[in-house]
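Residue strings, one per chain:
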Amino acid sequence: MLGFGKQKQVTEYEADGESERVYHEIKQTLRVTGINLNFRTWAGYEKFFPAMWDAMRPLAETRAFETAADCVRAEAVRAADKLLRLENQSRAALGESQAYQLRAALDLYQYINPKLLVFTSAVKLALDGAQPERGGKASADVELIERGVPARMYPMEMVSSEPEEERIKELFEDIKQTLSLSSINSDYRTLALWPDYLSAGWKKLKPIVQGDEFKRASDNLRETARKLAHTLPFPVPLSRERLEELGEDADEIATTTEKFERLLPSLIINIALFSLDWKTPETLVQSPFPARPRRNAVQGGAR
Amino acid sequence: MNWREFQSMQRVAQLGDRFISYLDEGTGEPVILIHGIPVWGYLWHALTPALAKQNRVLAPDLLGFGYSDKSDCFDRSIARQAEMIDAWMDKIGIERAHIVAHDIGGGVALRLATLFPHRVMRLCVMNTVCYDSWPIEAMLQFGHPETRRKLSAASAITMLKQALKQGFAKSPDDELLDSLLVPYTTEVGKLSLIRNAAALNTNLTTEITALLPKIEAPTLILWGEDDLFQLVKYGERLARDIPGAQLVRVKDARHFLMLDQPDEVAEHVSAFLKGEQVETAHAG
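Residues numbered from 1 in each chain as written. Chains lettered and ligands numbered in written order. Predicted model: local features only at pLDDT ≥ 70, side-chain atom pairs only at ≥ 80, totals over all residues. Heavy atoms only, no water.

Draft legend 1. Here's a closer look at the overall build of chain B. Counting its regular elements, chain B contains 13 helices and eight strands. Taken over C-alpha atoms, the radius of gyration comes to 17 Å for chain B, in line with the 19 Å a tight globule of 284 residues would show. Principal axes of the C-alpha set define a box for chain B whose edges measure 50 × 40 × 40 Å. Looking at chain B residue by residue over its 284 residues, the buried ones come to 62%. Within chain B, contacts between residues separated by at least 24 positions form 77% of all contacts whose residues are at least 6 apart in sequence. Taken as two groups, the 29 positive and 36 negative side-chain charges of chain B have centres that lie 4 Å from each other. (Helix = DSSP H or I, 4+ residues; strand = E, 2+ residues; numbered from the N terminus. Rg over C-alpha atoms; globule rule 2.2 N^0.38 Å. Buried < 20%, exposed > 50% of the residue type's maximum accessible area, 1.4 Å probe, protein only. Contact = heavy atoms within 4.5 Å. Lys, Arg positive; Asp, Glu negative; His and termini not counted. Charge placed at Lys NZ, Arg CZ, Asp CG, Glu CD.)

Encoded structure:
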């Protein structure tokens, strides 16, 4: 079972002080409507969390970071395309508006999850004492991307992690058990807004995620993310020593980070599998929310 | 019809960067049903079947409400909602429609009838906000920015259910209250509703007071006469200000008259939309 540390998660609704500040900056910098499980868990380490974010933020707003995530996304789609299709028939019962919103929710996670993986790999590298091979570039030479949530991005709406509805509760338990999770990810909590759809999709997905081909694809994706994290342009001023200075449990944080790095590739492929029911692989390898360069955006580049 | 069935029947329209969900049932002259706060299009589920026998019934969720766009950074005022209805009518190819509206939806309808009169064939408002009748205290408090932090989504729903109960003449069952509030059970839903409440602004009805006597659309004002949120005296004033308007008091009904007395309300609205005289012993 992948436990995510001993600290309690900090939800967006509960965040205040530094956590609230960092959550705001994460949404602006990563261009996302909500805060995923990684960050909610890391935020439980209240000294580590702002220090980690302040160390990572310069990287997270670079084109290199965005491009790395784009590569991860494309590889995940190609890998998912080789697996069995979910062909989730319950999508037909959703109706026009709910289908529209479900597709928008999938786009949200299709966009943010690869960024989370590259981010997590970069944090892990730093905690392992490794640094990007090309780290140390002058910031003036590095292209930055625009800030802010894309106008049409779906809000990160999700059901409670402890839902009242019995069938959703059972579904979450099954997902957690099968994927060895201690907490249910935002993605499944969002898909649970459409419980029939998630239930039918999970029934198809469950045997796939237990297969060797899926595990190989996940391992490969993790390796890709690590390699890409190595190529990012800045060093990350974060280390176990720094965490100890802050009075945090460096081992526990490193373990938690490693668990996220292990979990995210399969999550990315799962979302790609759900998305392949709605879009072609050729469309899905593209970023659903391409980012403009920040300088052009400032100078009034076309929307 | 339960809320899931209603939700699965909703269609979607993209309006610029925003989207709205709406019900589109039946054929005939179009009638647009506009809900208030803190509910969504499901408010009309009991009225829809009767109206759909004679009209094309369109029931949008206002921006920020129900299953329409609940993201951040857009105007949720009744002024913007009226503009949204105007743009949406263009989008779905409707030039003119009857408007039936409740609570702040009534505020939207009054703005449509005064500022977009070419859009409105017949106007029916029910326990509508108007003049300086709003926002009521509960919504004023709910719209405070700190509410987000003070109330979890679950606590907000509990509080809203208590408040909503006062809007019914007979105690409604839990399932109905849950269904009216279901889009707001998530943190995103709660936050969106808080933003909607924060956007309530009396000035947007007081500024059209002088235009009310210019409304040319035939107007029916239905009022659950025991309403504690929007007092019937406001309905009386509207009936005086809008030329030819008929006020019908609905007995044994409070704010949610279409749920307290669904058959009577359906009968009045159907007759009005057909251009028939609304017969009632309680006409004001």
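Draft legend 2. Summary view of the interface of chain A and chain B. Every contact between the two is made by 23 residues of chain A and, on the other side, 26 residues of chain B. Both sides together, the interface formed by chain A and chain B hides about 2,000 Å², and carbon and sulfur atoms give 45% of it. On the surface where chain A and chain B come into contact, there are five salt bridges. Close ionic contact of A:R152 with B:D17 constitutes a salt bridge, the shortest N to O distance being 3.3 Å. Broken down by element, the residue count for the side of chain A that touches chain B peaks at five residues, all from helix α5 (residues 96–127) of chain A. Broken down by class, the residue content of the side of chain A that touches chain B amounts to 12 nonpolar, four polar and seven charged. (Buried area = accessible area lost by both parts, 1.4 Å probe. Salt bridge = Lys/Arg side-chain N within 4 Å of Asp/Glu carboxyl O. Nonpolar A, V, L, I, M, F, W, Y, C, P; charged D, E, K, R; others polar.)

Draft legend 3. Inspection of the sheet that holds strand β2 (residues 18–25) of chain B at higher detail. Residue and element names in this part refer to chain B. One open sheet accounts for eight strands, arranged β1-β2-β4-β3-β5-β6-β7-β8; its pairing is mixed. If you trace the sheet from one side to the other, it starts and ends with β1 (11–15) and β8 (246–250), each paired once. Neighbour to neighbour, the strand axes of the sheet diverge by 20 degrees on average, direction disregarded. Strand direction decides the pairing type here: strand β3 (residues 29–34) and strand β4 (residues 55–60), joined by four bridges, are parallel. Following the sheet pairing, V31 is matched in β4 by V57. (Pairing = 2+ DSSP bridges. Axes fitted to C-alpha atoms, helices over the stretch in contact; angles between N-to-C directions.)

Draft legend 4. Expanded view of unusual backbone geometry. Residues and elements named next belong to chain B. Residue I37 is joined to P38 through a cis peptide bond whose omega torsion reads 10 degrees. Turning to its location among the elements, P38 is positioned in the loop between β3 and α2 (48–52). Cis geometry marks the peptide bond from W134 to P135; its omega dihedral reads -5 degrees. The residue P135 is located in the loop between β6 (120–128) and α5 (137–142) in this model. The phi torsion at Y131 lies on the positive side, around 45 degrees, for a residue other than glycine. Relative to the assigned elements, Y131 resides in the loop between β6 and α5. Y131 gets classed as buried once you look at its relative accessible area, which sits at 3%.

Draft legend 5. Fine view of the packing of aromatic side chains. All names here are of chain B. According to the stated counting rule, one finds 21 aromatic pairs over all chains in the structure shown. When the ring of W40 is compared with that of Y42, the centres are 5.6 Å apart and the planes differ by 20 degrees; the resulting orientation is stacked. Each member of the pair W40 and Y42 is classed as buried. Positioned above the aromatic ring of F74, the side-chain terminus of R76 is 4.3 Å from the ring centre. Across the ring face of F272, the terminal group of R122 is positioned such that the distance to the ring centre comes to 4.9 Å. (Phe/Tyr/Trp six-rings, centres within 6.5 Å; stacked < 30°, edge-to-face > 60°. Lys NZ or Arg CZ within 6 Å of the ring centre and 35° of its normal.)

Draft legend 6. Here's a closer look at the packing of helix α6 (residues 166–179) of chain A against helix α8 (residues 195–209) of chain A. All names here are of chain A. It is the contact of α6 with α8, at a shortest axis distance of 11 Å, that shows an interaxial angle of 20 degrees. With respect to α8, the axis of α6 lies roughly parallel. Of the two elements, α6 crosses α8, and the hand of that crossing is left-handed. Within the contact between the two elements, α6 uses R167, I168, L171, F172, D174, I175, T178 and L179 and α8 uses P195, D196, L198, S199, W202, K206 and V209. When grouped by side-chain class, the residues that make up the contact of α6 with α8 number nine nonpolar, two polar and four charged. (Parallel < 35°, antiparallel > 145°, perpendicular 65-115°, else oblique. Left-handed = near helix turned anticlockwise from the far one by under 90°.)

Draft legend 7. Main features of helix α3 (residues 48–60) of chain A. Residues and elements named next belong to chain A. Spanning 13 residues, α3 covers 17 Å between terminal C-alpha atoms, matching the ideal 18 Å at 1.5 Å per step. Those residues of α3 that sit buried are F48, F49, P50, A51, M52, W53, A55, M56, L59 and A60. Among the structural elements, α1 (17–30), α2 (37–42), α4 (63–81), α5, α10 (240–245) and α11 (250–275) are those in contact with the buried residues of α3. (Expected span 1.5 Å × (residues − 1).)

Draft legend 8. View of the confidence of the model for chain B. With 98% of its residues at a pLDDT of 70 or more, chain B shows a mean pLDDT of 96. Two summary scores accompany this predicted model of the complex, namely pTM at 0.94 and ipTM at 0.93. (pLDDT = per-residue confidence, 0-100.)

Draft legend 9. Region of the structure containing the confidence of the model for chain A. Of the residues in chain A, 93% have a pLDDT of 70 or more, and the chain-wide mean is 92. Here helix α13 (residues 294–298) of chain A is the element of chain A with the lowest mean pLDDT, 60, and α4(A) is the one with the highest, 98.

Draft legend 10. Structural detail: helix α7 (residues 153–165) of chain B. All names here are of chain B. When the terminal C-alpha atoms of α7 are compared, their 18 Å separation across 13 residues agrees well with the 18 Å that a helix rising 1.5 Å per residue should span. Among all positions of α7, only A153, A156, I157, L160, K161 and L164 are buried. Buried residues of α7 fall within an arc of 135 degrees about the axis and therefore sit on the same side. Contacts made by the buried residues of α7 are with α5, α8 (174–181) and α9 (187–198). (Arc of directions from axis to C-beta.)

Draft legend 11. Inspection of the environment of B:I32 at higher detail. Residues and elements named next belong to chain B. Along the polypeptide, I32 turns up in strand β3. Here I32 falls in the buried class, since its relative accessible area comes to 0%. Taking the C-alpha atoms as reference, I32 lies 9.6 Å from M89; in sequence the two are 57 residues apart.

Draft legend 12. Examining the pattern of salt bridges more closely. Evaluated as defined, the whole model comprises 45 salt bridges over all chains. A:K8 is paired through a salt bridge with A:E14; the nearest N and O atoms lie 3.2 Å apart. B:R148 is paired through a salt bridge with A:E20; the nearest N and O atoms lie 3.7 Å apart. With B:R148 in helix α6 (residues 147–150) and A:E20 in helix α1, this pair bridges two chains.

Draft legend 13. Up close: the state of the cysteines. Residues and elements named next belong to chain B. Inspection of the entire model under this criterion finds zero disulfides over all chains. The cysteine C124 is free of any disulfide, with C130 supplying the nearest cysteine sulfur at 14 Å. Classification of C124 by relative accessible area gives buried; the value is 0%. (Disulfide = S-S within 2.5 Å.)

Draft legend 14. Just the environment of A:V10, in detail. Residues and elements named next belong to chain A. Relative to the elements of secondary structure, V10 occurs in the segment before α1. In the structure, V10 is positioned 46 residues away from M56 in sequence and 19 Å away in space, judged by C-alpha atoms. Once residues within four sequence positions are removed from consideration, V10 is found in contact with A15, Y23, R40, A43 and G44.

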